[in-house]
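# Notes for the structure review
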Amino acid sequence: MAVDKQQIADDELSKAVWHYVGVGVLWVSLVLSGIALERLGLTSDYFTSVLPGEVDSLRAKNEELETNLRKVMDENQRLGGLIGRERQTQEALDICQSEKRKLEAELRHAKTGGQ
C-alpha cells in the first residue's frame, strides 16, 4: 500500500514537472516564432495596428532619423561645394599674386634701366 502511494506521488510529481516544461516550451516557441515573423516582415500592418507596440514608434523614429541623415548629407554636400569654390578662389588668388610679383619685378627692372 505504501508503494502504491509512493508511485502515485511520483506520477503526480512527474506530471506536474512535465506540465511546466511543456508550458515553458510552448511560451518560448511562441515568442521565438513571433520574433521571427516580425523580423521577416510577415506581420501585416493591420495586425500591428490592432496590437500596438514598439513597431509604430520604431518606424516613426526610423523615418525621423532618415530625414535627419538626409539633411546632414545635403549639408555635407553643400559644404563640400563651398570648400571646392574656396579652394579654386585660393588657387586663382595665388596665380594672381605670382603674376603681380612678376610684373613688379619687371617694373623694377625697367625703372633701373634694364641693368
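Overview of the structure. (Residues numbered from 1 in each chain as written. Predicted model: local features only at pLDDT ≥ 70, side-chain atom pairs only at ≥ 80, totals over all residues. Heavy atoms only, no water.)

## Details of the overall build of the protein chain
Helices and strands together make up the secondary structure of the protein chain, namely three helices and zero strands. Along the protein chain, helices (α) and strands (β) appear in the sequence α-α-α when read from the amino end. Across the 115 residues that make up the protein chain, the buried fraction comes to 2%. A total of about 10600 Å² of accessible surface is found on the protein chain, and carbon and sulfur atoms cover 62% of it. (Helix = DSSP H or I, 4+ residues; strand = E, 2+ residues; numbered from the N terminus. Buried < 20%, exposed > 50% of the residue type's maximum accessible area, 1.4 Å probe, protein only. Areas by Shrake-Rupley, 256 points an atom, 1.4 Å probe, with all protein chains shown as cover.)

## Side note on a nonpolar patch on the surface
Side chains of Leu 13, Val 17, Trp 18, Val 21 and Val 25 sit close together on the surface and give an oily, nonpolar patch of about 520 Å² of accessible area. By relative accessible area, Val 21 is classed as partly exposed at 39%. (Patch = residues over 30% accessible without salt bridge, like charges linked within 9 Å, V, L, I, M, F, W, Y side chains within 5 Å. Salt bridge = Lys/Arg side-chain N within 4 Å of Asp/Glu carboxyl O.)

## Some thoughts on the pattern of salt bridges
Going through the model one piece at a time under the given rule, you end up with three salt bridges. As a salt-bridge pair, Glu 75 and Arg 78 come within 2.6 Å of each other at their nearest N and O atoms. Here Glu 75 pairs with Arg 78, and both are found in helix 3 (residues 54–111), just three residues apart, close to one helical turn. With a relative accessible area of 35%, Glu 75 lands in the partly exposed category.

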